[in-house]
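# Examination of the molecular architecture
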Amino acid sequence: MASKKSKNNWGLSTWTVDPEKPVKVDKWDGNAVKNALDDAAKKVLTERFGYQEDHKLTDIRLGICTISCLFALGALAYDYLYPFPASKPALIFCVLSYFTMMTILTMFTTFKEKNYIMFAIEKDDAGVGPDHMWTLRSSLKRYDPNYMLTMSYKDGETNREREQSLEKSVASWFDENGVLIFELFEKDVKELHQSLCAEKKDK
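Here the structure is a predicted model, which is why all the values come from computation and not from measurement.

### Quick look at the overall build of the chain
Helices and strands together make up the secondary structure of the chain, namely four helices and seven strands. What you see in the chain, going N to C, is helices and strands ordered as β-β-α-β-α-α-β-β-β-β-α. Here the chain holds 203 residues, and the buried ones make up 33% of them. Long-range contacts, defined as pairs at least 24 residues apart, comprise 50% of the intrachain contacts of the chain with a sequence gap of at least 6. Accessible surface, the chain as shown: approximately 13000 Å² in total, 56% of it carbon and sulfur.

Here is the structure:
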């Protein structure tokens, strides 16, 4: 896997694909380390196993944010056309609506998205059965070197869910220069995946 860290127009760190360079991060930056491992885990599911990433929750979150912005822009536009105090009722409505949408967004990210980093779909081999769902969630607590990755599988036919987790020090996958040794991480993710597949066959 290869990517590099850059900054967008707001000065926030982002990850972009760079096929010539390995993933290298500041090993003391917990967020950068977690992002690199999260991206690598998603890469294993999509590129090694061929699963399709499901963006439904992301689309819902973006939709909520878009509606919130429209309320804010509506307030500005109405106040421009009908200066205060004539715009007072519209401003009150837009402000209340904006904060309502922000409350919904907070609840959505807290209780629905949680710490999930990926939702992926496994298509039925024959193309006639229901799709199976794979999910990834991760955590890396502040000042804690242990990264936890939890993978879950939901059977499309029975709706039964099962999950397995791995927890290791990030030093297991990064060298002293902060370069991600993807092969080692990929091996652990594949073993996690295999353990769920074995349970699926047993049942």
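Having seen the structure, we can now continue with the description.
### So, the side chain of Asp188
In this fold, Asp188 is placed in helix α4 (residues 182–202). The exposure class assigned to Asp188 is buried, which follows from its relative accessible area of 10%. Here Asp188 is in contact with Leu166, Lys168 and Trp173, once residues within four sequence places are set aside.

### A look at the pairing of strand β4 (residues 116–122)
Most of β4 sits out of view: six of its seven residues are buried. Across six bridges, β4 lies against strand β5 (residues 132–139) in antiparallel orientation. From the neighbouring strand, Tyr116 faces β5, where its bridge partner is Arg137.

What counts and what doesn't
Residues numbered from 1 in each chain as written. Predicted model: local features only at pLDDT ≥ 70, side-chain atom pairs only at ≥ 80, totals over all residues. Heavy atoms only, no water. Helix = DSSP H or I, 4+ residues; strand = E, 2+ residues; numbered from the N terminus. Buried < 20%, exposed > 50% of the residue type's maximum accessible area, 1.4 Å probe, protein only. Contact = heavy atoms within 4.5 Å. Areas by Shrake-Rupley, 256 points an atom, 1.4 Å probe, with all protein chains shown as cover. Pairing = 2+ DSSP bridges.

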